[in-house]
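Residue-level listing of the chains:
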Amino acid sequence: MQVMTDLFARIFGDGLSSLGLLVAGGLTMALIMALVMASCAIVFTWAERKVAGFIQSRYGPMRVGRWHGVLQPVADMVKILGKEDIVPRDADKPLFMLAPFVIFVGSLMAWAAIPFAPGFIAADLDLGLFYIFAVSSAATIGILMAGWASNNKWSLYGAARGAAQAVSYEIPLALACIPVVMITGSLNMNDIVIAQQGGIWRWHFLHDPFLFVAFLLYFVASIAEVNRGPFDLPETESELVAGYHTEYTGMRFAFFFLAEYANLFLVSCVATAVFLGGWQPLFGPVFLPGLVFVIKAVLLVLLQMWLRWTLPRLRVDQLMHVCWKVMVPLALVCVLGAGIWMLATGQAG
Amino acid sequence: MSAQAIPILMVVGTAALLSLLFLGLSGWLGPYRPNSLKSTTYECGVPARSTVQIRFFVRFFLVALLFLLFDLETVFLYPWAILFRSMVAEGRAAFALGEMGAFVAVLVVGFVYVWKKGGLEWQ
């Protein structure tokens, strides 16, 4: 945001008021974010199929685009654009049509507070981290809307499971970030990253043992939050066909798909910014901050893909057991432990 | 309305416009040939049996209740967490920690009760 408003200020000089600058900068950043989101979703669908292929001793897509099927996702997008948009007769039409938008817009909204580089953040909010949690829970509403409006048993079961899982894992997710807020004393994503300046030993996940556990808790909870394996119960293809988006076709289905991969990158970005030092390099001064940030986030995404294709799916009782009996108490202990650690060491940062 | 809200409005607007644009594009490029079979509810290829008025496992309701409690607790923890750093600097960290400990302890008592009652079992 700062980068863009400065740029516009330089181009237009005094021709734009401060409000105009804000609007222009915000609009540019929003377009960039949308572009980044769409392209990362496209790249990750290809990467996912490649990773899955290699893990299962096969190649994955190889035909489209000469080298290792790199153009496969583009071909898929074109194909999906040319598909019919079917609304089932029994569906609750307004809700059915609205649900993909809720999920897609909610996903992009959360992107607004990700600090990719110093000053390169669409909305530099004082409430940044909190805002991300708040907005990303819109996905739960979208899931419930889609499942309910489809008027299909698979969709409804998938939606109920998805919502139960998303709300359950939101607790450890939000609790795991509290120790970091205690250390930085701010919810502003920029401040949180700046507090981790000075090499890997200053990154929050190595701050003390409790924060390391909190990072692991966040990572596991974030996988469950975006409904990916081994926590992909809402869309178990072997029992629920496709879960809450069973009845969706064409572009509306693509919105669910896009949002899934966008959310995958989003939770990795939040983990990077909050625990892994954001744009701060391993050592030395800041260089190519955007690239450093993206590399860290992409490594986390690849780790999530590796987990998805390696671990078997959990049962629903195991899912709830892990969340409520292990992760929530552990997260509370982490908050308490981090507080005692700060008290004992007498230092705030 | 603060200046911080403007970029968010821009993002929402962009997202909504882009999704409408793509939907319009797909509506323009894609075919539209509805028929009665195509618009039936999908049920693995057989005609749909019974309605969607299915019974839900009561645990889903319990999870929602638990979520409400814990989510509110988390929301209350955040402002405290922001202030904690300055409390440490002022040497009042033990007080802050004790205060929040008491608040969380009330919830933990309830949590232990639910646990012992078997409210967390998914059976």
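What you are looking at is a predicted structure, and each value in this text was computed from that prediction instead of being measured. (Residues numbered from 1 in each chain as written. Chains lettered and ligands numbered in written order. Predicted model: local features only at pLDDT ≥ 70, side-chain atom pairs only at ≥ 80, totals over all residues. Heavy atoms only, no water.)

A. Highlighting the overall build of chain B. Along chain B, the regular secondary structure elements total three helices and zero strands. Starting at the N terminus, the α and β elements of chain B follow one another as α-α-α. Scaling as 2.2 N^0.38, a compact globule of 123 residues should have a C-alpha radius of gyration of about 14 Å, whereas chain B reaches 26 Å, well beyond that. Principal-axis analysis of the C-alpha atoms gives chain B an extent of 70 × 50 × 20 Å. Expressed as a percentage of the 123 residues in chain B, the buried residues total 33%. Residue pairs in contact within chain B that sit at least 24 positions apart in sequence constitute 60% of those at least 6 positions apart. (Helix = DSSP H or I, 4+ residues; strand = E, 2+ residues; numbered from the N terminus. Rg over C-alpha atoms; globule rule 2.2 N^0.38 Å. Buried < 20%, exposed > 50% of the residue type's maximum accessible area, 1.4 Å probe, protein only. Contact = heavy atoms within 4.5 Å.)

B. Representation of the overall build of chain A within the structure. Assigned secondary structure in chain A consists of 13 helices and zero strands. Ordered by position in the sequence, the α and β elements of chain A form the string α-α-α-α-α-α-α-α-α-α-α-α-α. Each principal axis of the C-alpha atoms in chain A carries an extent, and together these give about 60 × 55 × 40 Å. Out of the 349 residues in chain A, the part that is buried amounts to 59%. A sequence separation of at least 24 residues applies to 75% of the contacts in chain A between residues at least 6 apart. Counting every atom, chain A has about 13500 Å² of accessible surface; 71% of that belongs to carbon and sulfur. Separation between the mean location of the 20 positive side-chain charges and that of the 21 negative ones in chain A comes to 10 Å. (Areas by Shrake-Rupley, 256 points an atom, 1.4 Å probe, with all protein chains shown as cover. Lys, Arg positive; Asp, Glu negative; His and termini not counted. Charge placed at Lys NZ, Arg CZ, Asp CG, Glu CD.)

C. Looking closely at the interface of chain B and chain A. Contacts between the two partners involve 67 residues from chain B, matched on the other side by 77 residues from chain A. Here chain B meets chain A over a buried area of about 6400 Å², counting both sides, of which 77% is carbon and sulfur. Connecting chain B to chain A are zero salt bridges. Counting the contacts that link chain B with chain A gives three residue pairs in polar contact (both at pLDDT 80 or more). Counting only elements with at least two residues in the side of chain B that touches chain A, the list comes to α1 (5-29), α2 (59-89) and α3 (93-116) of chain B. For the side of chain B that touches chain A, the class distribution of residues is 45 nonpolar, 13 polar and nine charged. (Buried area = accessible area lost by both parts, 1.4 Å probe. Salt bridge = Lys/Arg side-chain N within 4 Å of Asp/Glu carboxyl O. Polar contact = N/O pair within 3.5 Å; in protein donor to acceptor, adjacent residues only side chain to side chain. Nonpolar A, V, L, I, M, F, W, Y, C, P; charged D, E, K, R; others polar.)

D. Broad picture of the side chain of serine 137 of chain A. Residues and elements named next belong to chain A. Here serine 137 is to be found in the loop between α5 (128-136) and α6 (138-150). A polar atom in the side chain of serine 137 sits 3.1 Å from the backbone oxygen of phenylalanine 133. In this structure the side chain of serine 137 is engaged in a polar contact, spanning 2.7 Å, whose partner is the backbone oxygen of alanine 134.

E. Fine view of unusual backbone geometry. All names here are of chain A. Its identity as a non-glycine residue notwithstanding, serine 57 has a phi of 55°, on the positive side. What makes serine 57 exposed here is its relative accessible area of 71%. Positioned with a positive phi, asparagine 151 is a non-glycine residue whose angle comes to about 60°. Relative to the elements of secondary structure, asparagine 151 occurs in the loop between α6 and α7 (153-184). Accessibility expressed as a relative area gives 28% for asparagine 151, which makes it partly exposed.

F. Just the packing of helix α9 (residues 209-225) of chain A against helix α13 (residues 316-345) of chain A, in detail. Residues and elements named next belong to chain A. The interhelical angle for the contact between α9 and α13, taken along N-to-C directions, is 150°, at an axis separation of 9 Å. As judged from the angle between their axes, α9 and α13 are roughly antiparallel. For the pair α9 and α13, the crossing hand works out as left-handed. Two secondary-structure elements touch here, α9 through Pro209, Phe210, Val213, Ala214, Leu217, Val220 and Ala221 and α13 through Met327, Leu330, Ala331, Val333, Cys334, Gly337, Ala338 and Trp341. In terms of residue class, the contact of α9 with α13 is built from 14 nonpolar, one polar and no charged. (Axes fitted to C-alpha atoms, helices over the stretch in contact; angles between N-to-C directions. Parallel < 35°, antiparallel > 145°, perpendicular 65-115°, else oblique. Left-handed = near helix turned anticlockwise from the far one by under 90°.)

G. Molecular detail of α1 of chain B. In this model, α1 of chain B (25 residues) spans 36 Å end to end at C-alpha, consistent with the 36 Å of a helix rising 1.5 Å per residue. Within α1 of chain B, burial applies to Ile6, Pro7, Ile8, Met10, Val11, Thr14, Ala15, Ser19, Leu23 and Ser26 of chain B. The inward-facing, buried residues of α1 of chain B contact α2 (18-55), α3 (72-81), α4 (93-111), α5 and α11 (250-274) of chain A. (Expected span 1.5 Å × (residues − 1).)

H. Inspection of the environment of phenylalanine 133 of chain A at higher detail. Relative to the helices and strands, phenylalanine 133 of chain A is located in helix α5. When near neighbours in sequence (up to four residues on either side) are disregarded, phenylalanine 133 of chain A contacts Glu170, Leu173, Ala174 and Cys177 of chain A together with Tyr78 of chain B.

I. Local environment of the pattern of salt bridges. All names here are of chain A. For the structure shown, the criterion picks out six salt bridges over all chains. The salt bridge involving arginine 308 is made with glutamate 48; its shortest N-O contact spans 3.3 Å. Of this pair, arginine 308 sits in helix α12 (residues 289-310) while glutamate 48 sits in helix α2, and the two are 260 residues apart along the sequence. On the basis of relative accessible area, glutamate 48 is assigned to the buried category, the value being 3%. Aspartate 85 serves as the salt-bridge partner of arginine 252, at 2.9 Å between the closest nitrogen and oxygen.

J. Region of interest: α3 of chain A. Within the sequence span of α3 of chain A, burial applies to Gln72, Pro73, Met77 and Leu81 of chain A. Next to the buried residues of α3 of chain A lie α2 and α11 of chain A together with α1 of chain B.

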